[in-house]
Amino acid sequence: MRTGDKLLPQEVFMAKQQRTIGVFVVQLALAVYLIITGLCLVTPLGKSISSEEIRAVANLFNNANLAKVISIIVGVVLIACGVMFAIKALITDLGKIDDLFKYITLIIWIVVTVITLISCFDDFKKGAALHWLLVLAKNALIIGGILTIKNGK
């Protein structure tokens, strides 16, 4: 498969991700962030946390009961994903199951990002473009962090 010291194109994608301190810190921070965000969506703790994402998801619907149900569903999924990321960072790779959680989290967070950016677009129009860009940057970092988590066996 090798020609000299060069990797063939298919080998580049199949190479194993190096386990670095940076990847470990990103995985652990992402796990903590997702668990806390999920807890804030599921419990009354969310009112004490200043998060555009929590407010945007909770205020998505005019119906308070529907908003609560959606918040609980998203919160539980985020907690499960955060726990999976923590297990992957601290203990072991769980194979294909944590890959499934990775992709579910990625899809949910992209949707949450779009909802959040739309809900705080008034800030952008009112001259608070830096706040809107900060929200965009934070969510881009979260999405990038999810993408850095390697696929399992």
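Cut-offs applied
- Residues numbered from 1 in each chain as written.
- Predicted model: local features only at pLDDT ≥ 70, side-chain atom pairs only at ≥ 80, totals over all residues.
- Heavy atoms only, no water.
- Axes fitted to C-alpha atoms, helices over the stretch in contact; angles between N-to-C directions.
- Helix = DSSP H or I, 4+ residues; strand = E, 2+ residues; numbered from the N terminus.
- Parallel < 35°, antiparallel > 145°, perpendicular 65-115°, else oblique.
- Left-handed = near helix turned anticlockwise from the far one by under 90°.
- Contact = heavy atoms within 4.5 Å.
- Nonpolar A, V, L, I, M, F, W, Y, C, P; charged D, E, K, R; others polar.
- Salt bridge = Lys/Arg side-chain N within 4 Å of Asp/Glu carboxyl O.
- Buried < 20%, exposed > 50% of the residue type's maximum accessible area, 1.4 Å probe, protein only.
- Patch = residues over 30% accessible without salt bridge, like charges linked within 9 Å, V, L, I, M, F, W, Y side chains within 5 Å.
- Areas by Shrake-Rupley, 256 points an atom, 1.4 Å probe, with all protein chains shown as cover.
- Phe/Tyr/Trp six-rings, centres within 6.5 Å; stacked < 30°, edge-to-face > 60°.

**Quick look at the packing of helix α2 (residues 21-42) against helix α7 (residues 129-148)**
Consideration 1: It is the contact of α2 with α7, at a shortest axis distance of 10 Å, that shows an interaxial angle of 120 degrees. Taken together, α2 and α7 sit at an angle that is classed as oblique. The way α2 lies across α7 gives a crossing that is left-handed. Contacts from V26, L30 and Y33 in α2 reach K138, I142, G145, I146 and T148 in α7.
Consideration 2: Its residues assigned to classes, the contact of α2 with α7 comprises five nonpolar, two polar and one charged.

**Digging into the pattern of salt bridges**
Consideration 1: As enumerated under the stated definition, the model contains one salt bridge in all.
Consideration 2: Notably, a salt bridge pairs K88 with D99, separated by 3.8 Å at the nearest N-O pair. Of this pair, K88 sits in helix α4 (residues 64-90) while D99 sits in helix α5 (residues 96-119), and the two are 11 residues apart along the sequence. D99 shares its class with K88; the two are buried.

**Describing a nonpolar patch on the surface**
Consideration 1: On the surface, L94, I97, L100 and I104 cluster together into a nonpolar patch covering about 300 Å² of accessible area.
Consideration 2: Note on placement: L100 falls in helix α5.
Consideration 3: Residue classification places L100 among the partly exposed positions, given a relative accessible area of 47%.

**Focus on the packing of α4 against α5**
Consideration 1: Where α4 meets α5, the closest approach of the two axes is 9 Å, and the angle between their N-to-C directions is 135 degrees. Taken together, the axes of α4 and α5 are oblique relative to one another. In the crossing of α4 with α5, the sense of the turn from one axis to the other is left-handed. Contact residues: α4 offers V74, V77, L78, A80, C81, M84, F85 and K88, while α5 offers I97, D98, D99, F101, K102, I104, T105, I108 and W109.
Consideration 2: Along the lines of polarity and charge, the residues of the contact of α4 with α5 split into 12 nonpolar, one polar and four charged.

**Considering the packing of aromatic side chains**
Consideration 1: According to the stated counting rule, one finds one aromatic pair in the structure shown.
Consideration 2: Both rings, one in Y33 and one in W109, keep their centres 5.9 Å apart while their planes meet at 75 degrees; by these two values the pair is edge-to-face. You can see Y33 sitting in helix α2 and its partner W109 sitting in helix α5, a full 76 residues away along the chain.
Consideration 3: Judged by relative accessible area, which is 25%, Y33 ranks as partly exposed.
Consideration 4: By relative accessible area, which is 0% here, W109 ends up buried.

Coordinates in, geometry out; function isn't part of it.
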